[in-house]
Amino acid sequence: MARSIGAGILPWVQHKNMNLPLRNILLLILMLATAGLAIAMRPTHKIADLGPKVDLESMIPHEFSGWREEKQSSVQIIDPSTKEMLERTYSQTLTRTYVNGDGYRIMLSIAYGTDQTDAMQVHRPELCYPAQGFFLQNMVSDTLSVRDGRIPVTRLLTTMGARSEPVTYWITIGEHAISSGENKKLVEIGYALRGQIPDGMLIRVSSIDTQVENAYEIQNRFSAQMLEALAPEYRQRLTGNFQIN
């Protein structure tokens with residue numbers, strides 16, 4: 001709309017025979033109209049205020065399907081300075097280590113933000129891990145099969161010295177699970193056109209394992225079992241809209 005207004009007025013405003021004070025007045029009107037349109041289209045209503053409140057600590061069970069939280073873990077999940085940055089960026093963060101009966105450990109990290117506009121964005125692991133000194137060896141798109149469908153996920157292989165840490169993560173924006181930066185932007189634009197500010201969540205699971213495919217298989221099982229253990233209203237928060245089978 002602002003472009004069509006400008007396209008119609010600007011040639012007239014720039015006409016060399018136009019009285020200078022009148023041209024200045026018209027330019028002022030054009031700028032005010034453009035600014036007003038931008039303000040009118042700015043999202044104002046947070047999706048997070050409409051549904052059940054998110055409380056990660058109570059939403060995610062400490063034990064499920066043979067997995068239990070390991071209170072005193074020797075595995076460092078995230079650099080302290082990075083953890084501080086994430087806590088400033090997000091409304092809530094949750095970091096836990098789970099262990100099963102075989103002694104296999106899964107590191108779970110969930111970050112939730114109530115405002116997923118350009119001013120506040122999820123921090124993707126392919127950027128966070130190298131910032132902590134890891135090498136990003138591989139990155140592929142995949143899907144996670146759960147009871148009701150498939151969730152688009154990203155798989156990473158990160159290393160630091162002898163430490164091999166395969167990673168699986170996915171992102172939700174509002175009610176949608178997204179698989180790429182382009183999809184994320186389209187979803188955000190859709191909410192903006194409705195005057196809504198979407199919330200966002202990043203769910204990451206990883207393990208220290210040199211057998212990469214074995215790690216991904218266990219991460220898949222852990223993720224599906226964790227989601228199955230959630231109350232239905234919480235499960236939707238962590239899955240968004242599925243890619244239905």
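Peer 1: Quick question: what am I supposed to make of the pattern of salt bridges here?
Peer 2: Side chains that carry opposite charge are capable of pairing whenever their charged atoms lie near each other. One pass over the structure, following the stated rule, counts eight salt bridges. Residue Arg96 is joined to Glu57 by a salt bridge in which the shortest nitrogen-to-oxygen separation is 3.0 Å. Highlighted residues: Arg96 in strand β4 (residues 92-99) and Glu57 in helix α3 (residues 56-59), separated in sequence by 39 residues. What makes Glu57 partly exposed here is its relative accessible area of 43%. For Arg96, the salt bridge is made with Glu69, and the minimal N-O distance between the two is 3.9 Å. Taken together, the positions of Arg96 in strand β4 and Glu69 in strand β3 (residues 67-69) put the pair 27 residues apart, joining distant regions of the chain. The residues Arg96 and Glu69 share a single accessibility class, namely buried. Beyond isolated ion pairs, a larger network of salt bridges with shared partners links Glu57, Glu69, Lys71 and Arg96.

Peer 1: Whenever I open this one, the packing of helix α7 (residues 212-229) against helix α8 (residues 232-239) confuses me. Can you help?
Peer 2: When two helices pack together, their arrangement is captured by the angle between the axes and the distance separating the axes. Interhelical geometry of α7 versus α8 gives an angle of 140° and a closest axis separation of 8 Å. Taken together, the axes of α7 and α8 lie oblique to each other. Across the interface between the two elements, Met226, Leu227 and Glu228 from α7 touch Arg235, Leu238 and Thr239 from α8. Looking at the contact of α7 with α8, its residues break down into three nonpolar, one polar and two charged.

The rules behind these values
- Residues numbered from 1 in each chain as written.
- Predicted model: local features only at pLDDT ≥ 70, side-chain atom pairs only at ≥ 80, totals over all residues.
- Heavy atoms only, no water.
- Salt bridge = Lys/Arg side-chain N within 4 Å of Asp/Glu carboxyl O.
- Helix = DSSP H or I, 4+ residues; strand = E, 2+ residues; numbered from the N terminus.
- Buried < 20%, exposed > 50% of the residue type's maximum accessible area, 1.4 Å probe, protein only.
- Axes fitted to C-alpha atoms, helices over the stretch in contact; angles between N-to-C directions.
- Parallel < 35°, antiparallel > 145°, perpendicular 65-115°, else oblique.
- Contact = heavy atoms within 4.5 Å.
- Nonpolar A, V, L, I, M, F, W, Y, C, P; charged D, E, K, R; others polar.

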